[in-house]
Amino acid sequence: MTLQEKIAQLFGVWVGASNEGAEVAPHQHDMAEAPDLDELLPYGLGQLTRPFGTAPVDPAIGALSLARTQRRIAEANRFGIPALAHEECLAGFAAWGATAYPVPLSWGATFNPALIREMAAAIGRDMRAVGVHQGLAPVLDVVRDARWGRVEETVGEDPYLVGTVATAYVQGLESAGIVATLKHFAGYSASRAGRNLAPVGMGARERADIILPPFEMAVRESGVRSVMHAYTDTDGIPSAADERLLTGLLRDTWGFTGTVVADYFGIAFLKTLHGVAGTFGEAAGAALAAGVDVELPTVNTFGEPLLEAVAAGRVPEALIDRAVRRVLVQKAQLGLLDPDWSPLPEALSGTGTGNGTGTGTATGTGAASEALRGTIGLDTDANRALARRVAEQAIVLLHNDGTLPLAPAAGSEERTAPARIALIGPNAEVPTAVLGCYAFPVHVGVQHPEIPVGIELPTLREALAAEFPGSEIVVAPGASVDGTDTDGFAAAAELARDADIVIAALGDRAGLFGRGTSGEGCDAESLALPGVQQQLLDLLLDSGTPVVVTMLAGRPYVLGRAATESAAVVQSFFPGEEGTRAIASVLSGRTAPEGRLPVSVPRHPGAQPSTYLAARLGHSSEVSNIDPTPAFGFGHGLTYTTFEWTDLAVDVEEAATDAEFRLSCTVRNTGGREGTELVQLYLHDPVASVVQPVQRLIGYARLELAPGASVRLHASVPADLASFTGRDGRRIVEPGELELRLSASSTEPRLTARVTLTGAVREVDHRRRLHAQFTTEPPVTS
């Protein structure tokens, strides 16, 4: 391959599929000029950026458009190499008409990796069926400051939860033949003051013990084939130019063999935002030297600037060879270099479109193409049922004075459904209130208001009307999500006073770069509810009618008086297209709440940044007047039944620093209905050579129990889980006393085992054990 042919494999071109079946067209973006495909394609092309995720396009017509383009790309270069097509899939395939699943923060709330693996496999199958090869997900950033706008895209504030759930997502996506992409590597979520792209000032120990473990777990256990660098710089080193991170750690230490792709425009940012490169050619050389293989979303620094830098001897051609080898190996793994490769994706096989893909330009887009319209469904009944299961398991009941459930249990005469329900709040009748900023209708669809949304999005009012057919439901917005107008307060208060129950529909509006209250570039000054929602909520609490707060949000917010004075608080994190139905079923009691908080809910709006993973001085103390104690801690969540934890037994109380502890307890459902209990295992290290978090999650077990049923839960806990980064930067296991806390949340320990590690300090590395093992059996009865 010539130098230009090799470099052509190292960048993408941002395109949009044609809704008439013609070839894709380059997308004009304000951060880069649209390239001329006629000039590029004779040398080949590495990637096609978001053919389905740039504008609304019928899936079948889009698949045909992509197939025709792939035929053209392969025929234009002398090696017959097609492009790799990638798409966003943060909360489902980001394409028109595709299922909108709950956002990653809801995945974390399920504490159910197996379910998330199943969801990701379904997403991957839909993407692969229409010709997509790579998905830009999942996000493994650990929440460090909930004011950051992209909290909705994360799995939560704990690295073990993030690692287990994100690893499962990767396994599901990869099982469908889609190249998953870990992002953002690394530290993006730790930006100062929670501002998007702000510098990161954390130390090496926080990075090693909190930020990196989820990525390490995924690289070791998931089969992931791509990683995306973060936008941010840490202590002055941008991730895109960090050779120790992208090569030394990721490849040389962890053994990653896939491709490293740039976050969109991230290589150019080395010049324009970070100021560590004087020219685009220098930026390209720095990224390649660090270990970035592919420039996305479109050709910029890897075009003429890189060619000139290589020609001038400023960038070694060996760096080009290293990157292109990785890219071509991945294309070979995907079958794109096979002699019998066909541009037709699975969904178009047998449709008679084979000859049409070879028409070269925009011809052949008449009746034959139109006949395909509507023939590919990306929002099937099976998908919706799966989206519903994830949404139901992600809903967190934070508080309940006994008001919920609102409907009677089967065979019970104790209560009846409310005769008059007042649904009040800015999210009461907004179809997109369940969607995050990367869901297609919000991310792209808002720019095309003339096009139908493509999926069914029942509002909360519609879902409640279906769930409570015998109840009168009256509705008032009261206020907008982030406005300051209080003119609607009087009408809302009147409806509340005359109702049997008030359901307050509060939360966020997802958007991008300031167009929403949650999402990329939508950072918050504080964690007070946006706009005048807190005043509206207080007004409802003063009405004398019981208030059930329902949150449709992308981050946790302070609830003020409602945390204790409301009848109930139901938290959802952008629960997807089936979200309102899931909420309604939890409110009625037809579905029992199962979710647990993946992030703490703060008590005060200004006590940030704050997560449960704090050292002693990071918690409430006499040396500061600011109390960061949450209203509801990480891992908290109520059910419609009760559980009893008893009979703690520590089978191994002392273990060497290379051995393991064993303990067990009995968990019994003492209530009247089936429910899910989540046993969370936290480690507390009271004395260590460096400051440690008061406690940290090292394992969890979901237990589904019928009324009166019980199980004996056994846990084997490797000493490796007590490891941390010592003073000299090595990961070690120290001897000494520990507490293993079996807890219902980070603030609700139930049973505590005091154990001791013995022997010498032991150094461990990336081959250490990462998981406690849980098993269950019926308890022994006398």
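Our subject is the structure that appears above.
Our subject in this report is the structure included herewith.

Definitions and cut-offs
Residues numbered from 1 in each chain as written. Predicted model: local features only at pLDDT ≥ 70, side-chain atom pairs only at ≥ 80, totals over all residues. Heavy atoms only, no water. Helix = DSSP H or I, 4+ residues; strand = E, 2+ residues; numbered from the N terminus. Rg over C-alpha atoms; globule rule 2.2 N^0.38 Å. Buried < 20%, exposed > 50% of the residue type's maximum accessible area, 1.4 Å probe, protein only. Contact = heavy atoms within 4.5 Å. Areas by Shrake-Rupley, 256 points an atom, 1.4 Å probe, with all protein chains shown as cover. Lys, Arg positive; Asp, Glu negative; His and termini not counted. Charge placed at Lys NZ, Arg CZ, Asp CG, Glu CD. Pairing = 2+ DSSP bridges. Core = buried A, V, L, I, M, F, W, Y, C linked by side-chain atoms within 4.5 Å. Axes fitted to C-alpha atoms, helices over the stretch in contact; angles between N-to-C directions. Parallel < 35°, antiparallel > 145°, perpendicular 65-115°, else oblique. Left-handed = near helix turned anticlockwise from the far one by under 90°. Nonpolar A, V, L, I, M, F, W, Y, C, P; charged D, E, K, R; others polar. Phe/Tyr/Trp six-rings, centres within 6.5 Å; stacked < 30°, edge-to-face > 60°.

Per the secondary structure count, the chain includes 21 helices and 28 strands. For the chain, whose C-alpha radius of gyration is 27 Å, the value lies close to the compact-globule estimate of 28 Å for 782 residues. Dimensions of the chain along its principal axes, counting C-alpha atoms only, are 75 × 70 × 50 Å. A total of 782 residues make up the chain; the buried ones form 63% of that total. A separation of at least 24 residues holds for 79% of the contacts in the chain among residues at least 6 apart in sequence. If you sum the accessible surface of the chain, you get close to 27,500 Å²; carbon and sulfur atoms cover 49% of it. The centroid of the 60 positive side-chain charges in the chain is displaced by 4 Å from the centroid of its 92 negative side-chain charges.

Okay, the pairing of strand 20 (residues 675-684) next. With respect to burial, strand 20 is a largely interior element, 10 of its 10 residues being buried. With burial as the criterion, each face of strand 20 is covered, one bearing Gly 675, Glu 677, Val 679, Leu 681 and Leu 683 and the other bearing Thr 676, Leu 678, Gln 680, Tyr 682 and His 684. The pairing of strand 20 with strand 21 (residues 696-705) spans 9 bridges and is classified as antiparallel. Residue pairing across strands places Thr 676 opposite Glu 704, the latter belonging to strand 21. Sheet topology places strand 20 next to strand 25 (residues 736-745); 5 bridges connect them, and they run antiparallel. Pairing of Tyr 682 across the sheet is with Arg 741, part of strand 25.

Now for the nonpolar core. One finds Phe 93, Tyr 169 and Phe 185 to be the most contacted residues of the largest nonpolar core, which totals 214 residues. Broken down by element, this core gets its largest block of residues, 8 residues, from helix 6 (residues 159-175). Setting aside residues up to four positions removed in sequence, Phe 185 forms contacts with Leu 212, Phe 215, Val 227, Met 228, His 229, Ala 230, Ser 239, Leu 245, Leu 246, Leu 249, Leu 250 and Trp 254. Counting residues in each nonpolar core, the second largest holds 33 residues, with Phe 661, Val 667, Val 679 and Val 764 among its members.

This part covers the sheet that holds strand 2 (residues 25-26). Strand pairs in the sheet, formed through backbone hydrogen bonds, run parallel or antiparallel to each other. Strand order in this open sheet of 8 strands is 2-1-3-4-5-6-7-10, and the pairing throughout is mixed. Only two strands of the sheet have a single partner each, and these edge strands are strand 2 and strand 10 (259-261).

This part is about the packing of helix 18 (residues 489-497) against helix 19 (residues 533-541). Between two packed helices, what matters for the description is the angle formed by their axes and the separation of those axes. Here helix 18 crosses helix 19 at 30°, and the two axes come no closer than 9 Å. As the angle between them shows, helix 18 and helix 19 are arranged roughly parallel. By crossing handedness, the relation of helix 18 to helix 19 is classed as right-handed. The residues of helix 19 that touch helix 18, namely those facing Phe 489, Ala 492, Ala 493 and Ala 496, are Gln 535, Leu 536, Leu 539 and Leu 540. Its residues assigned to classes, the contact of helix 18 with helix 19 comprises 7 nonpolar, 1 polar and no charged.

Enumeration over the complete set of coordinates arrives at 13 aromatic pairs. Seen in terms of ring centroids, Phe 111 and Tyr 700 are 5.2 Å apart; in terms of plane orientation they differ by 85°. Their pairing is edge-to-face. Taken as a pair, Phe 111 in the loop between helix 4 (104-110) and helix 5 (113-129) and Tyr 700 in strand 21 lie far apart in primary sequence, 589 residues in all. For the pair Phe 111 and Tyr 700, one class covers both residues: buried. With a centroid separation of 5.9 Å and an interplanar angle of 55°, the aromatic rings of Phe 185 and Trp 254 are classed as tilted.

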